[in-house]
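The chain contents come next:
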Amino acid sequence: MSSRYTAPVVLPCDPACTVVRDGVLDVDDSGRITYCGPAAQAPATSAPVTALTGILLPGLVNTHAHSPMTLLRGMGGDLPLLRWLNEIIWPAEAKLRAEDVRAGMVLGSLEMLSHGVTTSAEMYFHPEEMADAVLATGARAVLGGPIIGLPGIDWHAMVRSTERWIDTDGLRFGPGERIELSFAPHSAYMLPTEALRLTAEAAAARGALVQIHVAEAADEDQEQRAEYGSVPRLLGEVGLLDGRLLAAHAVHLSDEDIQLFARHGVGVAHCPGSNGKLASGIARLADLRAAAVAVGLGTDGPASNDDLDLWEEIQLAALLTRLSTKDSTALDAPSALLMATRGGAEALGRDDIGALEPGRWADFVHIETDGFAFATGLDVPDPQLLSNLVWAAGSRRVRDVWVAGEQILADGESPRVDREKAYAAASESAARIRA
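The present account deals with the structure reproduced in this document. Predicted model only: the values in this text are computed from it and were never measured.

Some points on the packing of helix α2 (residues 98–114) against helix α3 (residues 127–137)
Following both chains from N to C, one finds α2 and α3 inclined at 35°, their axes separated by 8 Å at the closest point. As α2 runs across α3, the sense of the crossing is right-handed. Between α2, through Ala98, Val101, Arg102, Met105, Val106, Ser109, Leu110 and Leu113, and α3, the contact on the second element is made entirely by Glu129, Met130, Asp132, Ala133, Val134, Ala136 and Thr137. By residue class, the composition of the contact of α2 with α3 is ten nonpolar, two polar and three charged.

Laid out in C-alpha cells, this is it:
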C-alpha cells in the first residue's frame, strides 16, 4: 500500500546534501520512492500519513563487511593483519558450520539495522545461509562467497558455485530485490592469476560485481608488486578492471593506481576503523576523491573493527583525512555523510539505493532528535544541523528503519526477529568454535 511520511527535516542525500525543512517522503506499493521534497510542493495523496519527529535520511550503505564474524568478535584483537588471519581467524573459521554462519549473520544484520545500515556488501562462507539470514531480518545485502586459495579448498569450485547460483536465481532476488549476488575473490595474494582471470570472465558474462581486498597491508602483496608493479596493475592484466569492481581497503596505492581506478570506474570501500585497529595504514581518501573515484565506507568484519556501526566510520574517515592531510577542511560533515549513503551506492555500482529520490528503493532511517546532540533545536543553520548529526548524534539516535517501504526496525527493535533468540544462537555457535 502506498504511504506518506513527514518529518521536520528530510535529508535526500542528493549531491549537494540538501536539507529539506518540513519534508515529505512518498512510497508506492512496490516499495519505491515517488516523491521526496518540501511539503509545500508535495502532490496530493489519499495514502495514509505517518508524521515523524526528527530527521529522515537514506539507509546507510556498508560497502565492506564480513558480518558473520560477530561470532569471532574480540579474538586476536591486538595482532597485525597477517598474523591475525593466519594464527587466529582462519583456524577458527575452519570450525564454522552453515548454521553458525546464519546465526552470526542474523546477529550482524540486527546490529547494523540498529545503527541505520540498510545495505551491506558481504564476503563470507556459506552465502546461502547469509541470504536466508538477511531475508529473515528484512535488510538488504550484496553477497559473495569467498574465492580463496587455501589448503583443502578448491577455488575452481567456488567460482562455479557462484556462477550456478546467479544462473539459477538471477543477479538480484527476494522481496524488494533485497539480495544481490557477487563474485568475491579474497585477494590477489591469496589466489593465482588464473583464478582472478576466470573470476573476471565469469562476472563480466553476468554483469556481476566483483568484491576483492586490495592493498590493505603494506607487506601482504610483495610478490605481486614485484612482478606487476602493483595490485591494481595486476587486476588490470587479468581483466578485473574491465567490469564492475569494488576494491576493499585500497590503502597502499600509488598515484598511478588511483588514476587507473578512476579511468576504469572502480569503486573503493574505505574502512578507516579496521585499517586503524590493524595498523594497516591510512588510505589516501582525499586523493581518491580528487580523482573522482567512487568511495563508500565499510566497517570490515566485526572481529577487526570490532563493531558494525558505520556512523563511527563517517567520523573516522573525516578525522583521519584531516590529520593525514593537515587540512581541517579536507572532508566536511556533509561529504562524510554522503560517503555513507549515496557514495556507498555509487561504489557498489547501484543507482537504486543510497538516496531518497524517485525510483529508488524506499530504504530510509528515522533519527530521533530528543537527545543532547539536538538539545539546541533543529532550527539552526543547515551546516550546523549536519555537523550535529555527524559529529554528535551518530547511531545513538536511530529509532526506526524501513527497507523497500517495509518497516523492519520499530523503536529500536526488529518486528521480524527476536533479539534474545538471536543472542542465544550466536552464543551457542561461538562457544563451540572456541572449544
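Considering the environment of Ala345
With respect to the secondary-structure elements, Ala345 resides in helix α13 (residues 342–347). Sequence-distant contacts of Ala345, that is, excluding residues within four places in its chain, are made with Val61, Arg350, Ile353 and Gly354.

Looking at the environment of Trp84
Of note, Trp84 is situated in helix α1 (residues 81–93). For the pair Trp84 and Ser304, spaced 220 residues apart in sequence, the C-alpha to C-alpha distance is 9.1 Å. With residues near it in sequence (within four places) discarded, Trp84 still touches Met69, Met75, Gly76, Leu79, Ile89, Leu278, Ala303 and Ser304.

Structural notes on the side chain of Ser429
Relative to the helices and strands, Ser429 resides in helix α15 (residues 419–434). Contact partners of Ser429, with chain neighbours within four places excluded, come to Leu71, Glu99, Asp100 and Ala103.

A closer look at helix α11 (residues 310–325)
For α11, built from 16 residues, the straight-helix expectation of 22 Å at 1.5 Å per residue is met to within 8% by its first-to-last C-alpha distance of 22 Å. Measuring from the side-chain oxygen of the N-cap residue of α11 to the backbone nitrogen of Trp311 gives 3.0 Å; that N-cap residue is Asp309. Of the residues flanking the end of α11, it is Lys326, one or two places downstream, whose phi is positive at about 55°.

As for the side chain of Glu180
Within the secondary structure, Glu180 sits in strand β11 (residues 179–181). Ignoring sequence-local partners within four residues, the contact set of Glu180 consists of Ala141, Val142, Leu143, Leu171, Arg172, Leu209, Arg244 and Arg350.

Remarks on the packing of aromatic side chains
For the coordinates displayed, the defined rule picks out five aromatic pairs. Ring plane angle 65° and centroid distance 5.3 Å describe the contact between Tyr5 and Trp402, whose orientation is recorded as edge-to-face. Here Tyr5, found in strand β1 (residues 3–10), pairs with Trp402, found in strand β18 (residues 398–403); they are 397 residues apart in sequence, far enough to count as distant. The burial state of Tyr5 is the same as that of Trp402; both residues are buried.

Let's talk about the pattern of salt bridges
Taken as a whole and judged by the stated rule, the model has 29 salt bridges. Here Asp363 and Arg140 are joined by a salt bridge, their closest N and O atoms 2.7 Å apart. Note that Asp363 is positioned in the loop between α13 and β17 (364–367) and Arg140 in strand β8 (residues 140–144), a separation of 223 residues in sequence. Comparing Asp363 with Arg140 shows no difference in burial state: the two are buried. Glu357 serves as the salt-bridge partner of Arg360, at 3.1 Å between the closest nitrogen and oxygen.

Each value, and the rule that gives it
- Residues numbered from 1 in each chain as written.
- Predicted model: local features only at pLDDT ≥ 70, side-chain atom pairs only at ≥ 80, totals over all residues.
- Heavy atoms only, no water.
- Axes fitted to C-alpha atoms, helices over the stretch in contact; angles between N-to-C directions.
- Helix = DSSP H or I, 4+ residues; strand = E, 2+ residues; numbered from the N terminus.
- Left-handed = near helix turned anticlockwise from the far one by under 90°.
- Contact = heavy atoms within 4.5 Å.
- Nonpolar A, V, L, I, M, F, W, Y, C, P; charged D, E, K, R; others polar.
- Expected span 1.5 Å × (residues − 1).
- Polar contact = N/O pair within 3.5 Å; in protein donor to acceptor, adjacent residues only side chain to side chain.
- Phe/Tyr/Trp six-rings, centres within 6.5 Å; stacked < 30°, edge-to-face > 60°.
- Buried < 20%, exposed > 50% of the residue type's maximum accessible area, 1.4 Å probe, protein only.
- Salt bridge = Lys/Arg side-chain N within 4 Å of Asp/Glu carboxyl O.

In short, the description is geometric, and any link to function would need to be established separately.
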